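Overview (structure and organization)
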Amino acid sequence: DDRQDDEFLGRAKIQTSVVAERGYIEGYWVDLVDTESGKVQVTLSWLSVIDDSSTVKTAAKHAKPNDDSAKGLVHIYIDSCSGLFNQRDPTYKPSPMVRLISNHEKSQQSWPKYYTNDPIIEQGFVMLIRAPYTDEIKIDVIDTASKKDDVIGTCTIRIWSLIEQPGMEYTLQPWLLKGNSPDAKIVMSASLRGLLPPQCSPRKGQRPSEAGVKTTESFSAPTSGLSDLTYDDKVLPGRIRLLIHKAEELEKKDVGGKSDPYVVISYETQRAETQVCKKTISPVWDHEVWVDITENGDNQITLELFDKDKIGKDEKMGRTTIDVRRISKQKKLSQIWDTLIGCKSGKILWSAEFFFDTMVQEPDNTNFSKTEEVPAAPEPSVVPVKSGYREENAVQRDDDIPKPSSIPVHLPEVDETPPSISSPDSGYDNSVST
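Structural notes, computed from the coordinates. (Residues numbered from 1 in each chain as written. Predicted model: local features only at pLDDT ≥ 70, side-chain atom pairs only at ≥ 80, totals over all residues. Heavy atoms only, no water.)

1. Remarks on the overall build of the chain
Within the chain, the secondary structure is distributed over four helices and 22 strands. With 434 residues in all, the chain has 44% of them scored as buried. A total of about 23800 Å² of accessible surface is found on the chain, and carbon and sulfur atoms cover 48% of it. (Helix = DSSP H or I, 4+ residues; strand = E, 2+ residues; numbered from the N terminus. Buried < 20%, exposed > 50% of the residue type's maximum accessible area, 1.4 Å probe, protein only. Areas by Shrake-Rupley, 256 points an atom, 1.4 Å probe, with all protein chains shown as cover.)

Given below as structure tokens:
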């Protein structure tokens, strides 16, 4: 009813053991109980589960447009969270709750834990998977004590990445949470099981091979989101070659339904900006920058998106962080999509490669879409170093920053030296100090 609570009209019970025995029941009428009259017609299927990844891949490959049938189910067990500290107020204790959001179902959430930085959750959740290629489950840790239910940290499970794991599961392990605290983690496990289609559902006592299920067919997986989520225990010294490709589904900040987005890349005292892409919510930058990583330094590179405004302060469009320990562990990560936080919508695509201090830092463009060559360094002498950060692409956010002259440095005898990320003290000049 529009103006009052909906009226109860009856309910029905169906024994699942009967559905499991028959496998498929079509057009079955069930009498309603707790009411004077009425019945409901249902069609029921028993979908058997299987731990063979080829079954899920086959179902994904042959799925038709607008096919809303379930291809699998994922079980997620949330054990605990740790390090949920607010950097602006270290003494503050939140009341955390974990919320799981999938592409197709209503969100699920845990019971809140009150006034703790290290909550013990110990709850399990089950969600259906309908599009293994693109489905993902977003996990948010929310502070229920705040008025707006602020997101403390977030991470994402990409279903196709889970399919590629041994046994289609992540064992109980810590995952990094992106948010206000750089050391926040959530300990959880995830496992995926395929669902056999109704016409192939085996009767009681049948084996999957007897139901005619193909187990040898496989095909190439998407390149996005297949990298493992392991990371080093500490921050190792080296350099990171970071490429900001593009962003999609950004918020519309301007009157015409568009925005003028750009990205600010920051790590410790280093800072750089991409060029501004005019009047778009799907910008393409292909901006390359080098980040110097200090031993036991900060573990997060921050990417902040802004909408460039001619009048007033540039508006924030979301942010994300990249853990340098993950890059040093994996050596190279290509075409990684990250969902932006602190905004209504948006995601950003990036690639990164790690070079240890003992390595010859020569650029490798094999898996990156940008192929612009890095200029070779001059003959070893006391000369200024040419930076890879071009001033014509820079976005000057503070007109009061002075521009010092080039500072000469002495280069070691190497054939090539990759460009360095610019420091905020350099004023976007084409020279750096080392």
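Having seen it, we continue.
2. Quick notes on the sheet that holds strand β6 (residues 108-109)
Strand order in the open sheet formed by five strands is β6-β5-β8-β9-β11, with antiparallel pairing between adjacent strands. Since the sheet does not close on itself, it has two edges, and those belong to β6 and β11 (178-179), each with one partner. Sheet topology note: the strand β5 (residues 96-101)/β6 ladder contains two bridges and is antiparallel. When the sheet's bridge partners are listed, L100 is paired in β6 with Q108. (Pairing = 2+ DSSP bridges.)

3. Observations regarding the nonpolar core
By size, the foremost hydrophobic cluster in this structure holds 32 residues, and its most contacted members are I76, V98, I139, I186 and M188. Residue contacts for V98: discarding those within four places in its chain leaves I78, C81, Q108, Q109, S110, I121, I139, D140, V141 and I186. Of all hydrophobic cores here, the second largest spans 30 residues; its members include I244, A247, L250 and L333. (Core = buried A, V, L, I, M, F, W, Y, C linked by side-chain atoms within 4.5 Å. Contact = heavy atoms within 4.5 Å.)

4. So, the pattern of salt bridges
When their charged atoms lie close together, side chains carrying opposite charge are able to pair. The tally for this structure, following the rule as stated, stands at 12 salt bridges. Of the charged contacts, one joins R239 and D292 as a salt bridge, the two residues approaching to 2.6 Å between their closest N and O atoms. You can see R239 sitting in strand β13 (residues 238-248) and its partner D292 sitting in strand β16 (residues 284-293), a full 53 residues away along the chain. Accessibility expressed as a relative area gives 7% for R239, which makes it buried. The partner of R271 in a salt bridge is E273, and the shortest N-O contact between them spans 2.5 Å. Like R271, the residue E273 is buried in the burial classification. (Salt bridge = Lys/Arg side-chain N within 4 Å of Asp/Glu carboxyl O.)

5. A word on the sheet that holds strand β14 (residues 261-267)
Across the sheet, four strands lie side by side as β15-β14-β17-β18; this open sheet has antiparallel pairing. Two strands bound the open sheet, and with one partner strand each, they are β15 (270-273) and β18 (315-323). Ignoring strand direction, the axes of neighbouring strands in this sheet form an average angle of 20 degrees. Two strands pair when backbone bridges link them, and β14 and β15 are joined in this way by four bridges, in the antiparallel orientation. Within the sheet, the bridge partner assigned to I265 lies in β15 and is A272. (Axes fitted to C-alpha atoms, helices over the stretch in contact; angles between N-to-C directions.)

6. With respect to helix α2 (residues 53-61)
Among the residues of α2, those classed as buried are S54, T55, V56, K57, T58 and A60. Here the buried face of α2 lies against β3 (49-50), α3 (159-163) and β12 (185-195).

7. Quick notes on unusual backbone geometry
The phi torsion at E249 lies on the positive side, around 60 degrees, for a residue other than glycine. Secondary-structure assignment places E249 in the loop between β13 and β14. Judged by its relative accessible area of 48%, E249 falls in the partly exposed class. For D286, which is not a glycine, the phi torsion comes out positive at approximately 50 degrees. Relative to the helices and strands, D286 resides in strand β16.

8. Some points on the packing of aromatic side chains
The full count for this structure, using the stated rule, is six aromatic pairs. Between the aromatic rings of Y133 and W160, the centroid separation amounts to 4.7 Å while the plane-to-plane angle is 25 degrees, which identifies the pairing as stacked. With a gap of 27 residues between them, Y133 in the loop between β7 (120-129) and β8 (136-143) and W160 in helix α3 connect regions that are remote in the sequence. The exposure class assigned to W160 is buried, which follows from its relative accessible area of 2%. With centroids separated by 5.3 Å and ring planes inclined at 35 degrees, the aromatic side chains of W290 and F355 adopt a geometry described as tilted. With a gap of 65 residues between them, W290 in strand β16 and F355 in strand β20 (residues 347-356) connect regions that are remote in the sequence. The same class applies to W290 and to F355, which are both buried. Over the face of the ring belonging to W29 we find K39, whose NZ or CZ atom lies 5.3 Å from the ring centre. Above the ring of W337, the side-chain terminus of K347 is found at 4.8 Å from the ring centroid. (Phe/Tyr/Trp six-rings, centres within 6.5 Å; stacked < 30°, edge-to-face > 60°. Lys NZ or Arg CZ within 6 Å of the ring centre and 35° of its normal.)

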